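Results of the structural survey
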Amino acid sequence: GIFLADLSAQSSTLFDFVFRSLALGPTSLPRAGIQALSDAMARPVPAGAIRLNTAAARIGGDNAVHSADGGMVRARAVVVATEGPAAVRLLGGELVPKPEGDRGSTTLYFGFEGRAPVEEPLLMLNGEGKGV
């Protein structure tokens, strides 16, 4: 998922850089899980300023986000971070400039009960499988 494209479309230099960074760098997740990042970003925000489990229906030109339940929030700026078709629906028209092609991504999480099979900080790959 880092490149969101086939490796054949990537620069070998960029691949080497990213793979080396993952192998040698301090890549990690928070002890409390990835949710801890969102929690840390939300901590300084005033209570009630973040609405959870609320679907956005459309975004007006005046930076008003209208929710599916009829609510509305105005902001100094609105960041639309979603796939192309949903962005078009929220913004009420075509994206300008139009993306040259959507890139989908799937993230799979695996877990198991018990102790980890190794103690060292390793990236374990299944080199015998054909992929997902």
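Scroll up to find the structure.
Residue positions within a chain follow its written sequence, with the count starting from 1. Owing to the predicted nature of the model, reporting of local features is limited to residues with pLDDT of at least 70; listing and counting of side-chain atom pairs is limited to 80 or more, with chain, interface and lining totals taken over all residues. Heavy atoms from the whole structure form the basis of all side-chain values; hydrogens and water molecules are not counted.

This part is about the environment of Thr-27. One can find Thr-27 in the loop between helix H1 (12-24) and helix H2 (35-42). When the C-alpha positions of Thr-27 and Pro-121 are compared, they lie 9.7 Å apart, and in sequence the two are 94 residues distant. Numbering of helices and strands runs from the N terminus, with a helix taken as a DSSP run of H or I at least four residues long and a strand as a DSSP run of E at least two residues long.

With that settled, the discussion passes to the layout of surface pockets. Here the second largest pocket defines a volume of roughly 530 Å³. Two kinds of site are reported from a 1 Å grid over the protein atoms alone, namely cavities, where a 1.4 Å probe fits but cannot get out, and pockets, open sets with protein on both sides within 12 Å along at least five of seven lines, and residues are called lining when an atom falls within 4 Å of a point. For the second largest pocket, the lining is made up of 20 residues, of which Arg-51, Thr-54, Ala-56, Val-65 and Val-73 are closest to its centre. Where the lining of the second largest pocket is concerned, the elements lending two or more residues are strand E1 (56-59) and strand E2 (64-67). Along the lines of polarity and charge, the residues of the lining of the second largest pocket split into 15 nonpolar, 4 polar and 1 charged. Grid points are joined across faces, edges and corners, and a volume is the space filled by probe spheres set on the points. Only Asp, Glu, Lys and Arg are considered charged in this grouping, and only Ala, Val, Leu, Ile, Met, Phe, Trp, Tyr, Cys and Pro are considered nonpolar; every other residue, Gly among them, is considered polar.

Further remarks concern the environment of Val-88. Summarising the element assignment, Val-88 is placed in helix H3 (residues 84-91). Burial classes: relative accessible area under 20% of the type maximum marks a residue as buried, over 50% as exposed, and values in between as partly exposed (1.4 Å probe, protein chains only). Using a relative accessible area of 26% as the deciding quantity, one classes Val-88 as partly exposed.

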